[in-house]
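Results of the structural survey
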Amino acid sequence: MAQFKELVFSGVQPTGNLHLGNYLGAIKRFVSMQDTHDCIYCVVDMHAITVWQDPKELARQIREVTAAFLAAGIDPKKHIVFNQSQVSGHAELAWVFNCVARMGWASRMTQFKEKAGKDRENASVGLFAYPMLMAADILLYRATHVPVGEDQKQHLELTRDVAQKFNNDFSASIAEHGFGEAFFPITEPLIHGPATRVMSLRDGAKKMSKSDPSDYSRINLTDDADTIAQKIRKAKTDPEPLPSEVEGLKARPEADNLVAIYAALMDVTPEAVLAEHGGSQFSGFKTALVDVAVSKLAPVAGEMRRLMADPAHIDAVLVDGADRARGIATETMNAVKDIVGFVRAR
Ligand code: AQP
């Protein structure tokens, strides 16, 4: 397989209620990849409109996700931060991939099934085509590594399938245009760490989610210290004390979730958390968790509020990032057009 320069790409939808799951499963990990890789982090606003978004709210939410990226520590000068709709290559490449991917592949996507629910006839065509747009987001930059939460695993498998099929279908043309054996890399998903699937604080069997009607199910990145404390104190648990070994968390999803959150916030393993807190009652452990959560999240929330007070600055960051992203995207799209056989100006 051809060698590709290592590049990290990932995105977050501006669909409101950014929560601890988005932070631990994605944004915090984006930050940690900056020292070792070139990174492109995208606010995927075109994905957001696959379900209805109020236009005024959408603009605010795009800025809020950008503020979260910056407040968490992403450096938009060293890396690229932008919103998807400013780079038309995402939509163009998605169309090519709509023609490469098969109906059967898209029909198997569990996220579509869950989000469309029973009223599938009424779901947008965009919701069905979502995974091909996601493949385009990643492959437009020929990204090799994608840090995401567990829920995106199936979409990343489809991205790999799309890349593989494009490379196979067009292999002769790819070689003819001087790109060797493969034009797109087979992207590696990075789904690591203790918090790849943060669960609802009300139900250890449900993913923490932006759209859960109960605000007590999640910790929002904009929550203040009192709200964080209240939500953790009210989090569902069971009557047993914490076990001393991770084995003991197996049939206890709520306990498992709180230990994973503590571990991810502190950058330690669940084993290390249990070595310290094994045998504790939840009341004591929750007090320790409140301290950790507030000390780690309050500065992010504060910085987000400061950044949100200056939307012109956020917009300038996004325009600058989009300009740089467009440079890479245009090169990829010119090559894709040549490979597919489209005629273009030279
Ligand atoms: N609960 C979670 N635990 C760990 N990671 C999570 N992610 C989302 N939820 C969790 C990761 O966050 C990144 C951005 O997600 P997104 O905004 O693109 O999409 P999402 O998965 O739709 O977010 P929600 O909160 O789950 O929204 P709804 O309520 O609409 O279903 C991704 O890397 C994702 O894996």
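Quick look at the structure, then. (Residues numbered from 1 in each chain as written. Predicted model: local features only at pLDDT ≥ 70, side-chain atom pairs only at ≥ 80, totals over all residues. Heavy atoms only, no water.)

**Observations regarding the overall build of the chain**
Helix and strand content of the chain: 14 helices and five strands. Relative to the compact-globule value of 20 Å for 346 residues, the chain shows a C-alpha radius of gyration of 21 Å, a close match. In terms of overall dimensions, the chain has C-alpha extents of about 70 × 45 × 45 Å along its principal axes. The burial tally for the chain puts 51% of its 346 residues in the buried class. A sequence separation of at least 24 residues applies to 76% of the contacts in the chain between residues at least 6 apart. Total accessible area on the chain is roughly 16,000 Å²; 52% of this is exposed by carbon and sulfur atoms. For the chain, the separation between the mean place of its 39 positive charges and that of its 44 negative charges on side chains is 3 Å. (Helix = DSSP H or I, 4+ residues; strand = E, 2+ residues; numbered from the N terminus. Rg over C-alpha atoms; globule rule 2.2 N^0.38 Å. Buried < 20%, exposed > 50% of the residue type's maximum accessible area, 1.4 Å probe, protein only. Contact = heavy atoms within 4.5 Å. Areas by Shrake-Rupley, 256 points an atom, 1.4 Å probe, with all protein chains shown as cover. Lys, Arg positive; Asp, Glu negative; His and termini not counted. Charge placed at Lys NZ, Arg CZ, Asp CG, Glu CD.)

**With respect to the pairing of strand β2 (residues 38-43)**
The element β2 is extensively covered by neighbouring structure, given that five of its six residues are classed as buried. As paired elements, strand β1 (residues 7-12) and β2 share six bridges and run parallel to each other. The residue bridging Gly 11 from the neighbouring strand is Cys 42, located in β2. What joins β1 to β2 is helix α1 (residues 20-33), and the crossover it makes is right-handed. (Pairing = 2+ DSSP bridges. Right-handed = clockwise from strand over helix to strand, strands pointing away.)

**Re the site of the ligand**
Near the ligand, the surroundings consist of 22 residues, among which Asp 151, Lys 207, Ser 209, Lys 210 and Ser 211 are the closest. Here a nitrogen atom of the ligand sits 3.2 Å away from a polar atom, N or O, in the main chain of Gly 21. In the complex, the protein chains occlude 93% of the 650 Å² of accessible area that the ligand would expose alone. Among the secondary structure elements, those contributing two or more residues to the shell around the ligand are β1 and α1. (Near = heavy atom within 4 Å. Polar contact = N/O pair within 3.5 Å; in protein donor to acceptor, adjacent residues only side chain to side chain.)

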